[in-house]
Amino acid sequence: MTPWEMAAVFAAGTGAGAVNAVVGSGTLITFPVLLAAGLPPVTATVSNGLGLVPGSITAAVGYREELRGQGRRVLLLGIGAVLGGLAGAVLLLTLPASAFERIVPVLVGLALVLVACQPWIARRVRRRRESGGPVRRDGGALLFTGLTLASVYGGYFSAAQGIIYVSLMGMLLDETLQRLNAVKNVLAAVVNTVAALLFVFFADFDWTAVVLIAAGSALGGLVGARTGRRFSPAVLRTLIVSVGTVALVHLVLR
């Protein structure tokens, strides 16, 4: 990498760490930058997954106050995150690169739709809560299954993984969005760590990219967790959709 490319990857890692802590979809920032730096799609995804682990951990630590009283829930859903993250990472390593290149645009497109629809999802959740529906403390088998499948997606390609988590929990649990966001950060950290352990031994990755994203995401995750409540959701959503659209166009035209 050139010095300018290294600076861009570090900056993307910082932005991704901050966005992941607050909303999710940070991969939509780092992934196109890695592609622009010349990394093949699979290598970029693996390097990105390894690099984002520190950011997901610092984000989870930053939301530790919101995690109080949710230990049992986090443990239960974390089991699904481990199983799903491992399955997704195995799929990434076993599917041929040509198949991955065809699948990625679909995944990015799905991620953008989820991000764009988040205000509508939030309104539906708010109306359900205001209607005085029954309290759901663990979400049951439906939530566990849904989050496990979302973790398969996260282990394969993590863009909008956090959005999916929050959407599922918001529809099936009666909790504030900040407390759901705290659980989301822990689940993302679990999936990223499980996938990273597999990638270290069985996948090709770029150490320079990993180190730059790791340093940036660790900083971004800490800053994002501390200041996330001050960010305008509209601004973050616009940024994610804009960067993701550029990535989608790039992937379709390559």
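Residues numbered from 1 in each chain as written. Predicted model: local features only at pLDDT ≥ 70, side-chain atom pairs only at ≥ 80, totals over all residues. Heavy atoms only, no water.

### Considerations on the overall build of the protein chain
Here is step 1: Helix and strand content of the protein chain: 11 helices and zero strands.
Here is step 2: Beginning at the N terminus, the succession of helices and strands in the protein chain can be written as α-α-α-α-α-α-α-α-α-α-α.
Here is step 3: For the protein chain, buried positions account for 52% of its 254 residues.
Here is step 4: In the protein chain, once contacts between residues fewer than 6 apart in sequence are set aside, the share between residues at least 24 apart is 84%.
Here is step 5: When the accessible surface of the protein chain is totalled, it reaches about 11,500 Å², and 70% of it is carbon and sulfur. (Helix = DSSP H or I, 4+ residues; strand = E, 2+ residues; numbered from the N terminus. Buried < 20%, exposed > 50% of the residue type's maximum accessible area, 1.4 Å probe, protein only. Contact = heavy atoms within 4.5 Å. Areas by Shrake-Rupley, 256 points an atom, 1.4 Å probe, with all protein chains shown as cover.)

### Section: the packing of aromatic side chains
Here is step 1: Taken as a whole and judged by the stated rule, the model has one aromatic pair.
Here is step 2: Ring geometry for Phe205 and Trp207: centres 5.0 Å apart, planes at 80°, overall edge-to-face. (Phe/Tyr/Trp six-rings, centres within 6.5 Å; stacked < 30°, edge-to-face > 60°.)

### Some remarks on empty space enclosed by the protein
Here is step 1: Overall, the coordinates contain two cavities of 30 Å³ or more when judged by the stated rule.
Here is step 2: Roughly 180 Å³ of internal volume is contained in the largest cavity.
Here is step 3: Lining the largest cavity we find 18 residues, and of these Asn20, Ser56, Gln161, Ala188 and Asn192 sit closest to its centre.
Here is step 4: Elements represented by at least two residues in the lining of the largest cavity include exactly α1 (3-22), α4 (53-62), α8 (161-172) and α9 (177-202).
Here is step 5: No other element matches α9, which puts four residues into the lining of the largest cavity.
Here is step 6: Of the residues belonging to the lining of the largest cavity, the class tally is four nonpolar, 13 polar and one charged.
Here is step 7: Counted as a void, the second largest cavity has a volume near 90 Å³.
Here is step 8: For the second largest cavity, the lining is made up of 14 residues, of which Thr45, Gly49, Gly154, Gly155 and Ser158 are closest to its centre. (1 Å grid on protein atoms, 1.4 Å probe; cavity = no way out; pocket = protein on both sides within 12 Å on 5 of 7 lines; lining within 4 Å. Points joined across faces, edges and corners; volume = space filled by probe spheres on them. Nonpolar A, V, L, I, M, F, W, Y, C, P; charged D, E, K, R; others polar.)

### Here's the deal with the environment of Ala37
Here is step 1: Along the chain, Ala37 turns up in the loop between α2 (27-36) and α3 (41-51).
Here is step 2: Between the alpha carbons of Ala37 and Trp4 there is a distance of 9.6 Å; along the sequence they are 33 residues apart.
Here is step 3: Those residues in contact with Ala37 that lie beyond four places of it in its chain are Met1 and Glu5.

### Here we look at the packing of helix α5 (residues 71-94) against α9
Here is step 1: Between α5 and α9, whose axes approach to 8 Å, the crossing angle comes to 35°. Our pair here, α5 against α9, has a crossing hand that is right-handed. Each of Val74, Leu77, Gly78, Ala81, Val82, Gly85, Leu86, Ala89, Val90, Leu92 and Leu93 in α5 lies in contact with α9, whose residues at this interface are Val183, Val186, Leu187, Val190, Val191, Val194, Ala195, Leu198, Phe199 and Phe202.
Here is step 2: For the contact of α5 with α9, a count of residues per class yields 19 nonpolar, two polar and no charged. (Axes fitted to C-alpha atoms, helices over the stretch in contact; angles between N-to-C directions. Left-handed = near helix turned anticlockwise from the far one by under 90°.)

### Some words on a nonpolar patch on the surface
Here is step 1: A surface patch of nonpolar side chains, about 240 Å² in accessible area, is lined by Phe10, Leu219 and Val223.
Here is step 2: Secondary-structure assignment places Phe10 in helix α1. (Patch = residues over 30% accessible without salt bridge, like charges linked within 9 Å, V, L, I, M, F, W, Y side chains within 5 Å. Salt bridge = Lys/Arg side-chain N within 4 Å of Asp/Glu carboxyl O.)

### Considerations on the confidence of the model for the protein chain
Here is step 1: The predicted model of the protein chain has a mean per-residue pLDDT of 81, with 82% of residues at 70 or higher.
Here is step 2: For the protein chain, the element scoring lowest by mean pLDDT is helix α11 (residues 233-253), at 67; α5 scores highest, at 91. (pLDDT = per-residue confidence, 0-100.)

### Structural notes on the nonpolar core
Here is step 1: The biggest cluster of nonpolar side chains holds 51 residues, and the ones touching the most others in it are Met169 and Phe199.
Here is step 2: The element contributing the most residues to this core is α9, with 10 residues. (Core = buried A, V, L, I, M, F, W, Y, C linked by side-chain atoms within 4.5 Å.)

### Side note on the pattern of salt bridges
Here is step 1: In this structure the tally under the stated criterion is one salt bridge.
Here is step 2: Of the charged contacts in the structure, one is a salt bridge between Glu65 and Arg68, with a shortest N-O distance of 2.9 Å.

### Considering the packing of α2 against α3
Here is step 1: Relative to each other, α2 and α3 sit at 135°, their axes nearing to 9 Å. As the angle between them shows, α2 and α3 are arranged oblique. In this structure, the crossing between α2 and α3 has a hand that is right-handed. Across the interface between the two elements, Thr27, Thr30, Phe31, Leu34 and Leu35 from α2 touch Pro41, Ala44, Thr45 and Asn48 from α3.
Here is step 2: Among the residues forming the contact of α2 with α3, the class breakdown is five nonpolar, four polar and no charged. (Parallel < 35°, antiparallel > 145°, perpendicular 65-115°, else oblique.)

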